Amino acid sequence: METIFVKGGTGSSRILAGESLENLKSYIPPSGVFIITDSNVNRIYGKSFPGHPVFVTEPGESSKATETVLSACRWLLDKGAGRDSFILGIGGGIVCDIAGFTASVFMRGVRFGFVATTLLAQVDASVGGKNGVNLDGYKNIIGCFNQPDFVICDTEMLVSLPPEEIKNGLAEAVKHTLIDNRNMFKTIWDNAGEIKELKNTGVLNRLISHSVHVKAAIVNRDENEQGERRKLNLGHTWGHAIEKITGMPHGKAVSIGLVFAARLSEHKGLLKPRDRERLTELLVRLELPTASSTDPMQVLTALLKDKKREADHIHFVMIKSIGRVVVEAIPVRWLQDYVKQHKKDIPAF
Ligand code: ADP
Ligand code: ZN
């Protein structure tokens, strides 16, 4: 087990990589605890939860809504929760978002913690103190920055996840190696098969710790996405647009976005072709997609509609080498020209 500290302006948090659900009791108060989970997680792990009241949401993005937060607040009131209560989210990124936001607004904020049960939540979503829900189809419109007391990352709980969910998390883990390698790129390369199949708990725990370290280091320097935190958007500008158009799972879209970022970086002379090839090969080894059959011009149109557009420039995270990225303001014109000129190559990665 490894403890990684996150210090945001809104408080600090401990990420417990490799901790077990069994030890949860030592992190929460003995009473006044209210659990928020979803029906899948409740069905599989509910019997191992500590004996506190449980609020069960429907799985899926549609639960990430103000209506769910209101229902949870009504439920908390009904159950006699107060200012000194503790909210425990047990689930993936969606449950953590709902639980974290509910805890942040209920009676102006109560303490909270997470048991992150998906790889995506363990390597990404539950770290960093972002909590929020969607509004009218727009993602994370209502939310706040607020750090949970702790996040437990129990790799044993990942065995019940569908393989597709594992891949979602792996794309973000690869993203973290591109931001700060610490030899993890090679570790994933050498152990791709075992990682995919969750066969090597030791390597899996190292992968989770690595991701948490990279993300925590960035959040510690910049909680609010002004400068440094933008690096975490690597692969997401193009990836989000693909996700929006195709409805593809987040991690897969990010994987394609990473390859696009690598291509663009290579085109600008920042990244060696060999490193772009190694990245693509690693994603293939993890059975992640590196190409999309969507028309790149359509992706570009969706991208430009995205909230990340700043006037006539877009902040785009470029890769300099495996382990080094740089945020560049790219003129929209330049990007349009690039995609127009290379649209034949882009789907054929
Ligand atoms: P994320 O955003 O982290 O992918 P979600 O909260 O959307 O997470 O969870 C993805 C799906 O996986 C949901 O249907 C959820 O109920 C389910 N799920 C979460 N954790 C587990 C687990 N440990 N085992 C099986 N299914 C899980
Ligand atoms: Zn992401």
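Structure: see above.
Residues numbered from 1 in each chain as written. Chains lettered and ligands numbered in written order. Predicted model: local features only at pLDDT ≥ 70, side-chain atom pairs only at ≥ 80, totals over all residues. Heavy atoms only, no water.

Colleague: Would you take a moment to explain the packing of helix H5 (residues 163-179) against helix H7 (residues 201-221) for this structure?
Modeller: Packed helices, taken two at a time, are described by the angle between their axes plus the distance between the axes. For the pair H5 and H7, the least separation of the axes is 9 Å and the interaxial angle reads 60°. Classified by the angle between their axes, H5 and H7 sit oblique to one another. Considering the relative orientation of H5 and H7, their crossing is left-handed. Residues Leu 170, Ala 173, His 176, Thr 177 and Ile 179 of H5 lie in contact with H7, whose contacting residues are Leu 207, His 210, Ser 211, Val 214, Lys 215 and Ile 218. Classifying every residue of the contact of H5 with H7 gives six nonpolar, four polar and one charged. (Axes fitted to C-alpha atoms, helices over the stretch in contact; angles between N-to-C directions. Helix = DSSP H or I, 4+ residues; strand = E, 2+ residues; numbered from the N terminus. Parallel < 35°, antiparallel > 145°, perpendicular 65-115°, else oblique. Left-handed = near helix turned anticlockwise from the far one by under 90°. Contact = heavy atoms within 4.5 Å. Nonpolar A, V, L, I, M, F, W, Y, C, P; charged D, E, K, R; others polar.)

Colleague: Mind showing me how you'd approach the site of ligand 1 here?
Modeller: Near ligand 1 lie 17 residues; those nearest to it are Asp 38, Thr 117, Thr 118, Met 157 and Ser 160. Note that an oxygen atom of ligand 1 is positioned 2.8 Å from one of the backbone N or O atoms of Gly 93. The contact in question runs from an oxygen atom of ligand 1 to an N or O atom on the backbone of Ile 94, over 3.2 Å. When ligand 1 sits alone it has 560 Å² of accessible area, and the protein chains cover 87% of it. Taken together, the elements giving at least two residues each to the shell around ligand 1 come down to helix H1 (39-45), helix H3 (93-105) and helix H4 (119-125). When residues of the shell around ligand 1 are assigned to their parent elements, the largest contribution, four residues, is made by H1. Class assignment of the residues belonging to the shell around ligand 1 gives a composition of nine nonpolar, six polar and two charged. (Near = heavy atom within 4 Å. Polar contact = N/O pair within 3.5 Å; in protein donor to acceptor, adjacent residues only side chain to side chain. Areas by Shrake-Rupley, 256 points an atom, 1.4 Å probe, with all protein chains shown as cover.)

Colleague: Help me understand helix H12 (residues 332-342), please; the structure alone is not making it clear to me.
Modeller: Residue pairs three or four apart in sequence face the same way in an α-helix, which turns once every 3.6 residues. Buried within H12 we find Val 332, Leu 335, Tyr 338, Val 339 and His 342. In a view along the axis of H12, the buried residues occupy a sector of 125°, so they form one face of it. Exposed and oriented more than 90 degrees from the buried face of H12 are Arg 333 and Gln 341. (Buried < 20%, exposed > 50% of the residue type's maximum accessible area, 1.4 Å probe, protein only. Arc of directions from axis to C-beta.)

Colleague: Explain the nonpolar core to me, please; I cannot follow it from the model alone.
Modeller: Soluble globular proteins tend to pack their nonpolar side chains together in the buried interior. Ranked by internal contacts, the top residues of the largest apolar core, which has 92 residues, are Leu 207, Ile 208, Leu 234, Trp 238 and Ile 319. The two domains that each donate at least three residues to this core are domain 1 (2-160) and domain 2 (163-348). When near neighbours in sequence (up to four residues on either side) are disregarded, Leu 207 contacts Leu 119, Val 123, Leu 170, Ala 173, Met 184, Ile 188 and Ile 195. Judged by nonpolar contacts, the second largest core, of 17 residues, contains Ile 28, Tyr 45, Ile 90 and Phe 150. (Core = buried A, V, L, I, M, F, W, Y, C linked by side-chain atoms within 4.5 Å. Domains from an automatic or database assignment.)

Colleague: Any chance you could explain the packing of helix H11 (residues 296-305) against H12 here in plain terms?
Modeller: Interhelical geometry of H11 versus H12 gives an angle of 165° and a closest axis separation of 10 Å. Taken as axis vectors, H11 and H12 run roughly antiparallel relative to one another. Note on packing geometry: the crossing formed by H11 with H12 is right-handed. Every residue of H12 that contacts H11 at Pro 296, Met 297, Leu 300, Leu 303 and Leu 304 is listed here: Val 332, Leu 335, Gln 336, Val 339 and Lys 340. Considering only residue class, the contact of H11 with H12 consists of eight nonpolar, one polar and one charged.

Colleague: Help me out: how do you make sense of the sheet that holds strand S2 (residues 11-17) in this one?
Modeller: What holds strands together in a sheet is hydrogen bonding between their backbones, with the strands either parallel or antiparallel. The strand order across the open sheet formed by seven strands is S1-S2-S9-S6-S5-S3-S4, and the pairing between neighbours is mixed. Each end of this open sheet is capped by a strand with a single partner; those strands are strand S1 (2-8) and strand S4 (54-57). Each strand axis lies, on average, 15° off the axis of its neighbour in the sheet, ignoring direction. Pairing analysis gives five bridges linking strand S3 (residues 33-38) to strand S5 (residues 86-91), with the strands arranged parallel. Bridge pairing in S5 places Val 33 opposite Phe 86. Packed onto the sheet, H3 meets S3, S4, S5 and strand S6 (111-116) and runs at close to 170° relative to S5. Relative to the sheet, H7 contacts S1, S2 and strand S9 (150-153), its axis offset from that of S1 by approximately 20°. (Pairing = 2+ DSSP bridges.)

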